[in-house]
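Topology and contacts: notes
For reference, the chains in residue letters:
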Amino acid sequence: MNTKYRKTIVAGNWKMNLLPSDVKNYSAALMKLYGKNHFCEAVVCVPALMAIPMLRALRGSKIAVGVQDVSAEDSGAYTGEISAAMLADAGVKYVIVGHSERRRMHGETNAMIAKKLRQVLAAGMTPILCVGETLEERDGELAEDVVRLQLRSALYGLTGLDMRHVVIAYEPVWAIGTGRTATPAEAQQMCEGIRAAVRKLFGARVARAVTIQYGGSMNPANAAQLLSQPDVDGGLIGGASLDPEKFYQILEAAKE
Ligand code: 13P
């Protein structure tokens with residue numbers, strides 16, 4: 001982390017877990033733990049259905065609400081989709097874009113992800129752009145190329161000003177839900193590479209200010225070490241964010 005130049009952001013990604021009836025207890029527990037001392041930006045990315053109840057439940061706290069996906073289109077005949085304008089109007093602040101589970105299981109391409117990212121920015125919300133390589137790509141020494149391509153195709157054409165509202169999450173696919181975490185050195189190396197790629201596209205000032213999270217089996221036991229790396233500015237937490245106590249412990253690890 002480097003809190004002088006950029007925000008530390010720890011975000012939970014509930015994925016398709018918990019129920020609307022869990023929102024009240026979860027939010028109450030998290031607010032009790034995290035209500036007063038606020039050491040980093042805390043975000044809970046819930047299924048879209050739970051966004052409004054979660055916003056209500058967290059009212060008065062500094063914990064922000066995000067969701068996990070958005071339509072690439074503005075509005076119209078797109079059955080089942082939810083637009084960025086709808087999310088922003090409801091009060092949602094963050095949207096995860098390009099998660100590997102959506103790339104892999106829902107056929108999301110870099111081009112679709114670029115469109116979604118622009119929708120989120122145009123609606124005044126913050127996209128959390130996920131990038132990361134598979135195990136085959138890492139073993140084939142392609143990790144950096146893959147991540148660079150994902151970044152370039154998502155970010156190409158944005159302005160430096162746009163970039164002030166973009167968060168990047170490095171999530172190696174082999175570390176997601178597997179219990180196998182990237183080592184702090186592996187996480188640092190890629191996050192540093194991501195910052196270098198942003199520098200090439202947008203210049204040093206933008207690169208210095210961009211928040212880069214690590215995601216993939218982050219938990220209370222490994223969070224502090226990962227977050228102590230100079231280019232790791234937060235976390236995107238799956239499994240461990242489902243328990244407010246564990247999620248809080250990770251937030252606490254972001255305290256310098
Ligand atoms: P896990 O923390 O469960 O590995 O999930 C990481 C992730 O995909 C967050 O978006």
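Preceding this section is the structure that the text describes.
None of these values were measured; they are calculated from a predicted model.

**Notes on the site of the ligand**
- The local shell around the ligand consists of Asn13, Lys15, His99, Glu171, Ala175, Ile176, Gly177, Gly216, Ser217, Leu236, Gly238 and Gly239.
- Coverage of the ligand by the protein amounts to 94% of the 310 Å² it exposes when considered alone.
- Across the shell around the ligand, the residue classes break down as three nonpolar, seven polar and two charged.

**Focus: empty space enclosed by the protein**
- Taken as a whole and assessed by the stated rule, the structure comprises one cavity of 30 Å³ or more.
- Computed from the structure, the largest cavity encloses a volume of approximately 40 Å³.
- Mapped by element, the contributors of at least two residues to the lining of the largest cavity are helix 4 (100-105) and strand 5 (126-131).
- Residues belonging to the lining of the largest cavity are distributed by class as follows: three nonpolar, four polar and two charged.

**Notes on the pattern of salt bridges**
- With the rule as written, the count across this model stands at 14 salt bridges.
- Across the salt bridge formed by glutamate 133 and arginine 138, the nearest N and O atoms sit 2.7 Å from each other.
- Judged by relative accessible area, glutamate 133 falls into the buried class, the value being 0%.
- Classification of arginine 138 as partly exposed rests on a relative accessible area of 23%.
- Through salt bridges with shared partners, a single network forms among Arg6, Arg195, Asp231 and Asp233.

**Some thoughts on the environment of glycine 203**
- Among the structural elements, glycine 203 can be located in the loop between helix 9 (184-202) and helix 10 (204-209).
- Taking the relative accessible area as the measure of exposure, glycine 203 reaches 26% and is therefore partly exposed.
- Considering only alpha carbons, one finds glycine 203 and glycine 160, 43 residues apart in sequence, at a separation of 8.2 Å.

**Remarks on the packing of helix 5 (residues 110-122) against helix 7 (residues 143-155)**
- Direction vectors running N to C along helix 5 and helix 7 enclose 45°, while the axes themselves pass 8 Å from each other. On the basis of their axis angle, the class for helix 5 and helix 7 is oblique. Once helix 5 is placed against helix 7, the crossing between them reads as right-handed. Along its contact with helix 5, which presents Asn110, Ala114, Leu117 and Arg118, the element helix 7 presents Leu149, Gln150, Ser153, Ala154 and Leu155.
- Per-class residue counts for the contact of helix 5 with helix 7 are five nonpolar, three polar and one charged.

**Notes on the packing of aromatic side chains**
- Within this structure, the stated rule accounts for three aromatic pairs.
- Note on tryptophan 14 and tyrosine 26: the rings are 4.7 Å apart at their centroids and 75° apart in plane angle, and the pair reads as edge-to-face. In this pair, tryptophan 14 is assigned in the loop between strand 1 (9-13) and helix 1 (23-34) and tyrosine 26 in helix 1, connecting sequence segments twelve residues apart.
- Residue tryptophan 14 is classed as buried on the basis of its relative accessible area, which comes to 0%.

**Some words on the environment of aspartate 69**
- Topologically, aspartate 69 is positioned in the loop between strand 3 (64-67) and helix 3 (84-90).
- What makes aspartate 69 partly exposed here is its relative accessible area of 21%.
- Contacts of aspartate 69, omitting those with residues within four sequence positions, involve Leu87, Val95, Ile96, Arg102, Glu108 and Lys116.
- There is a polar contact of 3.2 Å between the side chain of aspartate 69 and the side chain of arginine 102.
- Of note is the side chain of aspartate 69, whose polar atom sits 2.8 Å from the side chain of lysine 116.

Rules of the game
Residues numbered from 1 in each chain as written. Predicted model: local features only at pLDDT ≥ 70, side-chain atom pairs only at ≥ 80, totals over all residues. Heavy atoms only, no water. Near = heavy atom within 4 Å. Areas by Shrake-Rupley, 256 points an atom, 1.4 Å probe, with all protein chains shown as cover. Nonpolar A, V, L, I, M, F, W, Y, C, P; charged D, E, K, R; others polar. 1 Å grid on protein atoms, 1.4 Å probe; cavity = no way out; pocket = protein on both sides within 12 Å on 5 of 7 lines; lining within 4 Å. Points joined across faces, edges and corners; volume = space filled by probe spheres on them. Helix = DSSP H or I, 4+ residues; strand = E, 2+ residues; numbered from the N terminus. Salt bridge = Lys/Arg side-chain N within 4 Å of Asp/Glu carboxyl O. Buried < 20%, exposed > 50% of the residue type's maximum accessible area, 1.4 Å probe, protein only. Axes fitted to C-alpha atoms, helices over the stretch in contact; angles between N-to-C directions. Parallel < 35°, antiparallel > 145°, perpendicular 65-115°, else oblique. Left-handed = near helix turned anticlockwise from the far one by under 90°. Contact = heavy atoms within 4.5 Å. Phe/Tyr/Trp six-rings, centres within 6.5 Å; stacked < 30°, edge-to-face > 60°. Polar contact = N/O pair within 3.5 Å; in protein donor to acceptor, adjacent residues only side chain to side chain.

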